[in-house]
Structure formats: structure tokens, C-alpha cells
Amino acid sequence: MKVVPLAGALGAEIHGVDLKQDAAWNEIHQAFLKYAVLVFRDQKIEPADLMKIGARFGEPCHYPFVTGMDKFPFIFEVIKEPDEKRNFGGAWHSDTAYLKQPPLATLLHAVQTPEHGGDTLFTSTAAAYDALSDGLRKVVDGLTGVNSAELKHGGGRSNLHKGIGSMKVHDTDSAADYVAEHPIARTHPDSGRKALYASRSHTTHFKGMTEEESAPLLNFLVQHQVKPEFTCRVRWAPGTLTVWDNRCTQHNAVNDYHGQRRHMRRITVGAQTPR
Ligand code: SIN
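What comes next concerns the included structure. (Residues numbered from 1 in each chain as written. Predicted model: local features only at pLDDT ≥ 70, side-chain atom pairs only at ≥ 80, totals over all residues. Heavy atoms only, no water.)

This part takes up the sheet that holds strand 7 (residues 144-148). Ordered in space as 8-7-11, the three strands form an open sheet in which the pairing is antiparallel. Of all the strands in the sheet, the pair left with one neighbour each is strand 8 (179-183) and strand 11 (203-206). Direction aside, neighbouring strands of the sheet carry axes that sit 30° apart on average. The pairing of strand 7 with strand 11 spans three bridges and is antiparallel. Residue pairing across strands places Asn147 opposite Thr203, the latter belonging to strand 11. (Pairing = 2+ DSSP bridges. Helix = DSSP H or I, 4+ residues; strand = E, 2+ residues; numbered from the N terminus. Axes fitted to C-alpha atoms, helices over the stretch in contact; angles between N-to-C directions.)

Now the structure itself:
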């Protein structure tokens, strides 16, 4: 197995691994903890294989707003058709932070990709935390974020998801029911490293403060954590599988491929309480 880092802060491409085989699992897991985003090319895997590979990282999680595949309810298809303008996941976020126990990892497998465009950006929220001043780290260490599934800053989940016609979206009207409080600086259970855990997509305010009072610092943090030096970019091809650590990263699916089709399969695994 060969590990080729993608950027300074996070991300690595892993060569010489067939994920359908069990080989090198320990090394893969160590690389996952070190690089937080792992990219595997040319993986010929079916949904049943994706379930098995996902299970290496944790138990499968249910996604509340998109119906899963027939026979594989935990896997759903992320699709943008050539005639659609809106994409799924096109804003910085960590997956389902509005759940009490969000998934530790997400696996995304590319079935069909545009000729160009449709990359996914990732940022290390651990590097972003480390780069804060001592003074601000002390402030954020004492804050709790309130996270909602409503996508308030994106125009509202129901409204946004109406435009993703080819995906099996449902129950978006119940988005306001999904609210969870999590530390703004969470500690990775394996490495002990702290990472920011706040996004414009999900975090509405700090506990004990109004949205208006929270906005200046929240806006600073969400802009700070996506500085180029904390990021890497994954370019997809059919067969690419990327797995990322939601505890110390955020991602953003770039919507720059109108007129072309993009089709991925996604599973989240390992429900865990952020601490
Ligand atoms: C997501 O946010 O899970 C979608 C990412 C992508 O399609 O690149």
C-alpha cells in the first residue's frame, strides 16, 4: 500500500489497495486517522461491497431526508442530472451535525462523473482550530453550538431540496425537528486533537446566546476554517471511493458542471456523540 498525501493539512490517495479484500486494514485505519480524507481509485464495488467496507469504520447510519436504495436502505444515491442546476451537499458542512450522534465517517463511491468539474473540497477543522490564537481557543473551548437540519442560511431545506429532482428526497418539512447541541471545539476520540465543529449550513447559534449575538464569531469561524491552507480537493472518476472523517473535516461539493451527469453512492457510519 502506498500513501500519497494530497495537501499539507489533510487528504491522501491510497494506491495498491483493493477494498474488497481485507488486506492492509490496519494500515488503512491508521492512514484514516492521520489524513482524515482517503481516496481510493478504480474500486469496482457494488452496494453490498460498500456496506462491507463501511462496516469497517462503524455501524451504518440512517439519513433522514433521502430514501436509500432498494435492498440497501443505508446507501443513497447522490445524483445531479444534466438538466438540473442544484446539487446535493454544495455548501461547507460536516454530515448530519444536527443529529445527537452524527456519523464519524462518510463513504462516497463515484458511479458516473462529469468530464470535468464536480470535485469535492475538504477542509481540516483540526488545522483550523490549531491556527486560532490562544485567546480565541479559550473562548471557543467554552462554547456549545446549536445545530439544526433546517438549512436556514441556504434558503430552507424544503426549498433547497425541491431543486434536486432526481434524488429520492422526503420529509424535508420535518427538518426543524432535528436539533442537536455539540461542542464548538470537539475532541477527536482517537487522536485527542481538537477540531472546530460549526458550519453555516447547520449551526444556527451558540447555546445561551441569540442568533444575532452569535453571528459575528460564528461567521469568523466558518470563514477562518476554509482558508486554502487547511483544504484539499478531490477529483473524481468512476470507481473512486473517498472516505472522510466527519469529526475533524468539512466538505463542499462544487457545483460547476451544469449539463453533465454526476452519480455517486453514499453511506455514513459510526454514530458517535461529539465531546
Ligand atoms: C455530501 O455532502 O455528502 C455530498 C458530497 C459530494 O457529492 O461530493
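Resuming the write-up.
Pairing is mixed across the open sheet formed by seven strands, whose spatial order is 1-2-3-13-5-15-4. Where the open sheet ends on each side, the last strands, each with one partner, are strand 1 (2-5) and strand 4 (76-80). Averaged over all adjacent pairs, the angle separating strand axes in this sheet is 25°, with direction ignored. Note that strand 3 (residues 37-40) and strand 13 (residues 241-245) share four bridges and pair antiparallel.

A separate point is the site of the ligand. With respect to spatial proximity, the complete set of residues near the ligand consists of Val78, Phe88, Gly89, His93, Asp95, Leu108, Thr120, His251, Ala253, Arg262 and Arg266. Note that an oxygen atom of the ligand is positioned 3.0 Å from one of the side-chain N or O atoms of His251. Within the side chain of Arg266, one N or O atom sits 2.6 Å away from an oxygen atom of the ligand. Protein burial of the ligand: of its 260 Å² of free accessible surface, 100% is covered by the chains. For the shell around the ligand, the elements supplying multiple residues, two or more each, are strand 14 (249-253) and strand 15 (262-271). A class-by-class count of the residues in the shell around the ligand yields four nonpolar, four polar and three charged. (Near = heavy atom within 4 Å. Polar contact = N/O pair within 3.5 Å; in protein donor to acceptor, adjacent residues only side chain to side chain. Areas by Shrake-Rupley, 256 points an atom, 1.4 Å probe, with all protein chains shown as cover. Nonpolar A, V, L, I, M, F, W, Y, C, P; charged D, E, K, R; others polar.)

On to the packing of aromatic side chains, then. Across all of its chains, the model carries 10 aromatic pairs by this definition. Judged by centre distance (4.9 Å) and plane angle (70°), the rings of Phe32 and Phe57 are edge-to-face. With Phe32 in helix 1 (residues 25-35) and Phe57 in the loop between helix 2 (47-55) and strand 4, this residue pair connects regions lying 25 residues apart in the sequence. According to the relative accessible area criterion, Phe57 is buried, its value standing at 11%. A ring pair is formed by Phe65 and Tyr98, whose centres lie 6.0 Å apart and whose planes are at 55°; its orientation type is tilted. Here Tyr98 lies in the loop between strand 4 and strand 5 (103-112) and Phe65 lies in the loop between helix 2 and strand 4, a separation of 33 residues in the sequence. For Phe65, a relative accessible area of 0% translates into the label buried. Taking the relative accessible area as the measure of exposure, Tyr98 reaches 2% and is therefore buried. Every member of this aromatic cluster is reached through a ring pair, and the members are Tyr63, Phe65, Phe76, Phe88, Tyr98 and Tyr178. (Phe/Tyr/Trp six-rings, centres within 6.5 Å; stacked < 30°, edge-to-face > 60°. Buried < 20%, exposed > 50% of the residue type's maximum accessible area, 1.4 Å probe, protein only.)

Geometry only, nothing functional implied.
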